[in-house]
Amino acid sequence: METKNYSSNSGFILLGISSNPQLQKPLFAIFLIMYMVTVMGNVLITLAIHSDSRLHTPMYFFLSNLSFMDICFTTVIAPKMLANLLSETKAISFVGCLVQMYFFMAFANTDSYLLASMAIDRLVAICNPFHYDMVMNPRSCLLMLLGSCTISHLHSLLRVLLMSRLPFCASHVIKHFFCDTQPVLKLSCSDTSSSQTVVMTETLAVIMTPFLCILFSYLRIIITVLRIPSAAGKWKAFSTCGSHLTVVALFYGSVIYVYFRPLSMYSVVKDRVATVVYTVVTPMLNPFIYSLRNKDMKRGLRKLRDGIHS
């Protein structure tokens, strides 16, 4: 009981990106710019989709929600990280840590389910185009979105309830720039083997389910596209998937590296770099990936620009 009170009253110290004082201000400037670009880019994507009626399709419905989730996802982490770069205390309360952990996981998991929904959309569009309107109707798209949010929040709730019951004692320094599961687990003075098993099992179920869905979808897509006789037809089919595949590779590559390893293999420096990729870099790059390689999005952004100027 005493160890729990210690954590509840004292909270934690977030070590941050780097403990070198000379790097704090340069890192603050870099991550502030990245955060602003992330928010502005995803807001523009969302506004462009909503302002152009030709973009009111299932694919862009999921993309607009992905952009919104990316803004929320980054905002859960970036402001506190930026404040700590200029602060000497770098403290976060026990409750604040759990709240950050909850919303971080909720938005991150929703991102992964939305990426899976977009893969399903491409699967139906390429492999079963004549039934596309019937399968990907507004009701089914809304249900996929609500299902993504519900599963993600239930997963986050389970994780936070599990973490809230752990006792913390000696050290309360989190060697990370936000309250993530692995670095917080390492601070517990109890045997966390059962907690690690639960965390790994439900993480495997929640994260790998959409990932396997994406793999299955693209396997079917590749088989279908290879049957197209003309090279131009193959390129046209694959070109509609390029942006999505790029985002999937960035997001899941870093997520799998960070979370699907035993706690004993956790590396502070390497995991910070990998975590920065999917928490800051990927949400920032998403608008560029989808706008630079997509004629419809370019048209929508031009229409938005013209509407603002007029």
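Residues numbered from 1 in each chain as written. Predicted model: local features only at pLDDT ≥ 70, side-chain atom pairs only at ≥ 80, totals over all residues. Heavy atoms only, no water.

### Description of the overall build of the protein
The test is simple: Counting from the N terminus, the helices are the DSSP runs of H or I reaching at least four residues and the strands are the DSSP runs of E reaching at least two. Here, two residues are considered to be in contact whenever any of their heavy atoms come within 4.5 Å of each other. Here, Shrake-Rupley sampling with a 1.4 Å probe gives the accessible areas, and only protein chains in the shown set may cover a residue. His is not counted, nor are the chain ends, whereas Lys and Arg count as positive and Asp and Glu as negative. Taken as the charge location is NZ of Lys, CZ of Arg, CG of Asp or CD of Glu.
Across its full length, the protein carries 12 helices and three strands. Here the contacts in the protein between residues at least 6 apart in sequence split such that 80% fall between residues at least 24 apart. For the protein, the accessible surface area stands at approximately 15100 Å², while carbon and sulfur atoms represent 70% of it. Across the protein, the centroid of the 25 positively charged side chains sits 7 Å from that of the 13 negatively charged ones.

### Some thoughts on the pattern of salt bridges
Rules: Only one rule defines a salt bridge in this text: a Lys or Arg side-chain nitrogen within 4 Å of an Asp or Glu carboxyl oxygen. Between buried and exposed lies partly exposed: a residue is buried under 20% and exposed over 50% of the maximum accessible area for its type, with that area taken using a 1.4 Å probe on protein chains only.
Tallied over the entire structure, the rule returns two salt bridges. Arg54 is paired through a salt bridge with Asp52; the nearest N and O atoms lie 3.5 Å apart. Look at Asp52 and you get buried, because its relative accessible area is 0%.

### Quick look at the packing of helix H4 (residues 94–127) against helix H6 (residues 138–164)
Where we set the bar: The axes are straight lines fitted to the C-alpha atoms, using for helices just the contacting stretch, and the angles between their N-to-C directions are given from 0 to 180°. Comment on the angle field: the value is read as roughly parallel under 35 degrees, roughly antiparallel over 145, roughly perpendicular from 65 to 115, and oblique elsewhere. Crossing handedness is read from the near helix: turned anticlockwise from the far helix by less than a right angle, it gives a left-handed crossing, and turned clockwise, a right-handed one. As a working rule, the residues Ala, Val, Leu, Ile, Met, Phe, Trp, Tyr, Cys and Pro are called nonpolar, Asp, Glu, Lys and Arg charged, and the rest polar, with Gly in that last group.
Between H4 and H6, whose axes approach to 8 Å, the crossing angle comes to 150°. The angle between the axes of H4 and H6 places the two elements in the roughly antiparallel class. In terms of crossing hand, the pair formed by H4 and H6 is right-handed. When the residues that make up the contact of H4 with H6 are grouped by side-chain class, the tally is 16 nonpolar, nine polar and one charged.

### Some details on the UniProt feature "transmembrane region" (unreviewed entry) in the protein
Put simply, the rule is: UniProt positions are given in the numbering used here, feature names are shortened, and annotations may be inferred rather than shown by experiment.
In this structure's numbering, the residues bearing the UniProt feature "transmembrane region" (unreviewed entry) are residues 27–48, 60–79, 141–158, 204–226, 238–260 and 272–292. With 100% helix and 0% strand, residues 60–79 has end C-alpha atoms that lie 28 Å from one another. Between the first and last C-alpha atoms of residues 204–226 the distance is 32 Å; the span itself is 100% helix and 0% strand.

### Quick word on unusual backbone geometry
Notably, Lys90 is not glycine yet its phi reads approximately 55°, a positive angle. With respect to the secondary-structure elements, Lys90 resides in the loop between helix H3 (58–85) and strand E2 (91–92).

### Looking at the nonpolar core
Formally: Among the buried residues, those of types Ala, Val, Leu, Ile, Met, Phe, Trp, Tyr and Cys that are joined through side-chain atoms within 4.5 Å form a nonpolar core.
Counting 84 residues, the largest nonpolar core has Phe31, Leu63, Phe104 and Leu115 as the members making the most contacts within it. It is H4 that provides the largest number of residues to this core, a total of 17 residues. Beyond its immediate sequence surroundings of up to four residues, Phe104 is in contact with Phe73, Val76, Ile77, Phe178, Asp180, Tyr259, Tyr278 and Thr279.

### Structural notes on the sheet that holds strand E1 (residues 12–14)
Applied cut-off: Paired strands, in this sense, are two strands between which DSSP finds at least two bridges.
Ordered in space as E2-E1-E3, the three strands form an open sheet in which the pairing is mixed. Where the open sheet ends on each side, the last strands, each with one partner, are E2 and strand E3 (173–174).

### Here we look at the packing of aromatic side chains
Condition: Each pair of aromatic rings taken from Phe, Tyr and Trp, with Trp reduced to its six-membered ring, is defined by centres within 6.5 Å and is described as stacked if the planes are under 30 degrees apart, edge-to-face if over 60, and tilted in the remaining cases.
Summed over the entire model, instances satisfying the criterion amount to nine aromatic pairs. When the centroid spacing of 4.6 Å and the interplanar angle of 55° are considered together, the rings of Phe104 and Phe178 count as tilted. Remark: Phe178 occurs in the loop between E3 and helix H7 (181–185) and Phe104 occurs in helix H4; sequence separation between them is 74 residues. For the residue pair Phe104 and Phe178, the accessibility class agrees, reading buried in each case.

### Quick notes on H3
Applicable threshold: An expected span of 1.5 Å times one less than the residue number is assigned to each helix.
Its 28 residues give H3 an end-to-end C-alpha distance of 40 Å, which sits within 8% of 40 Å, the value for a rise of 1.5 Å per residue. Where burial is concerned, most of H3 is hidden: 22 out of the 28 residues are buried.

### A short note on the state of the cysteines
For clarity, the cut-off: Throughout, disulfides are identified as pairs of cysteine sulfur atoms within 2.5 Å of each other.
Here the structure, examined in full by the defined rule, presents one disulfide. Paired through a disulfide, Cys97 and Cys179 show a sulfur-sulfur distance of 2.1 Å. Negative torsions about the S-S bond denote left-handed disulfides, and the value of about -125° found for Cys97 with Cys179 makes this one left-handed. Highlighted residues: Cys97 in helix H4 and Cys179 in the loop between E3 and H7, separated in sequence by 82 residues. Left unpaired, Cys141 is separated from the closest cysteine sulfur, that of Cys149, by 14 Å. Judged by relative accessible area, Cys141 falls into the buried class, the value being 4%.

### Examining the packing of H4 against helix H10 (residues 242–259)
Closest axis-to-axis distance for the H4/H10 pair is 11 Å, and the angle between their directions is 140°. It follows that H4 is oblique to H10 by the angle criterion. Pair H4 / H10 crosses with left-handed handedness. Facing Phe104, Ala108, Asp111, Ser112, Leu115, Met118 and Ala119 of H4, the residues of H10 in contact are His244, Val247, Val248, Phe251, Tyr252 and Tyr259.

### Digging into a nonpolar patch on the surface
Worth spelling out the cut-off: Two joining distances apply to patches: 9 Å for like charges and 5 Å for nonpolar side chains (Val, Leu, Ile, Met, Phe, Trp, Tyr), and every residue must have over 30% relative accessible area and no salt bridge.
On the surface, Val95, Val99 and Phe103 cluster together into a nonpolar patch covering about 250 Å² of accessible area. Within the secondary structure, Phe103 sits in helix H4.

### Concerning the confidence of the model for the protein
Under the convention used in this document: Scored between 0 and 100, pLDDT is the confidence that the predictor attaches to each residue.
Model confidence for the protein is summarised by a mean pLDDT of 83, while 90% of its residues fall at 70 or above. When the criterion is pLDDT under 50, residues 1–9 qualifies, and its contacts beyond four places in sequence or with other chains add up to 16 contacts.

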